[in-house]
Amino acid sequence: VANTPLKSQISNDDTQIEPEKIPGLTVEKTVDKKEATVGEKVVYTITVKNTGDVELTNVLVKDEMVGLETTIDKLAVNESKTLTKEYVITKDDIGNLENIATATIEVDDVEITQKASINVEVSEKAEVVVEEKQETTNNPKTGVESISTALILSVFVLAGIGLGFYVYRRKFKA
């Protein structure tokens, strides 16, 4: 065999070897806003794609934070499925909120899991502070704050009544 030409070593057998089918998947996670406040709603999107060369069945998709647990019955080669879920931000979420989604398949008794995560910066709801300001009017000539005419008139009327009462008592009680 050592001196046999290479051509004679190659067999003319018609047997074809099929390449091994390899399953694969990816998970991508997005969110509609990177910053949110307590009470606000955010929408998470999870995209699961079959990146292998064999059809996938019973793909389990989970996102515990938003309460998602669903099974994709069938995912053809290069096919994607997109899932969306809303979540309302709570006070416990303040800070850097990380959300994780997983997709799991089982092939030949081997479990394959892929994960994807995304962060949202959560802050407390901004409180609106309303300051009460008394309305005053400035004298257009001097720029000095002026007192209302009704207030001045009230003072003079009360003073007049008081003076009249005093004079009446002095005159008729003496």
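1. Considering the environment of Ile72
- Assignment of secondary structure puts Ile72 in strand E5 (residues 68–75).
- Between the alpha carbons of Ile72 and Ala103 there is a distance of 9.6 Å; along the sequence they are 31 residues apart.
- In contact with Ile72, not counting residues within four places along its chain, are Val48, Thr57, Asn58, Val59, Val61 and Lys81.

2. Notes on unusual backbone geometry
- Its identity as a non-glycine residue notwithstanding, Asn58 has a phi of 55°, on the positive side.
- Inspection of the secondary structure puts Asn58 in strand E4 (residues 56–63).
- A positive phi is found at Asp109, a non-glycine position, where the angle reads about 65°.
- Secondary-structure assignment places Asp109 in the loop between strand E7 (95–107) and strand E8 (110–123).

3. A word on a nonpolar patch on the surface
- A surface patch of nonpolar side chains, amounting to about 420 Å² of accessible area, comprises Leu153, Val157, Leu158 and Ile161.
- Counting through the fold element by element, Leu158 comes out in helix H2 (residues 149–173).

4. Brief notes about the pairing of E8
- Where strand E2 (residues 35–37) and E8 come together, three bridges link them in parallel fashion. Residue pairing across strands places Ala36 opposite Val122, the latter belonging to E8.
- The turn linking E7 back onto E8 is made up of two residues, and Asp108 within it adopts a positive phi angle of 50°.

5. So, the nonpolar core
- Core analysis: the largest hydrophobic core is formed by 25 residues, its most contacted members being Tyr44, Val48, Val59 and Val61.
- Mapped by element, the contributors of at least two residues to this core are strand E1 (25–31), strand E3 (41–50), E4, E5, E7 and E8.
- Among all residues touching Val59, those that are not within four sequence positions of it are Leu25, Val48, Thr70, Thr71, Ile72, Leu75, Ala103, Thr104 and Ile105.

Parameters at a glance
Residues numbered from 1 in each chain as written. Predicted model: local features only at pLDDT ≥ 70, side-chain atom pairs only at ≥ 80, totals over all residues. Heavy atoms only, no water. Helix = DSSP H or I, 4+ residues; strand = E, 2+ residues; numbered from the N terminus. Contact = heavy atoms within 4.5 Å. Patch = residues over 30% accessible without salt bridge, like charges linked within 9 Å, V, L, I, M, F, W, Y side chains within 5 Å. Areas by Shrake-Rupley, 256 points an atom, 1.4 Å probe, with all protein chains shown as cover. Salt bridge = Lys/Arg side-chain N within 4 Å of Asp/Glu carboxyl O. Pairing = 2+ DSSP bridges. Core = buried A, V, L, I, M, F, W, Y, C linked by side-chain atoms within 4.5 Å. Buried < 20%, exposed > 50% of the residue type's maximum accessible area, 1.4 Å probe, protein only.

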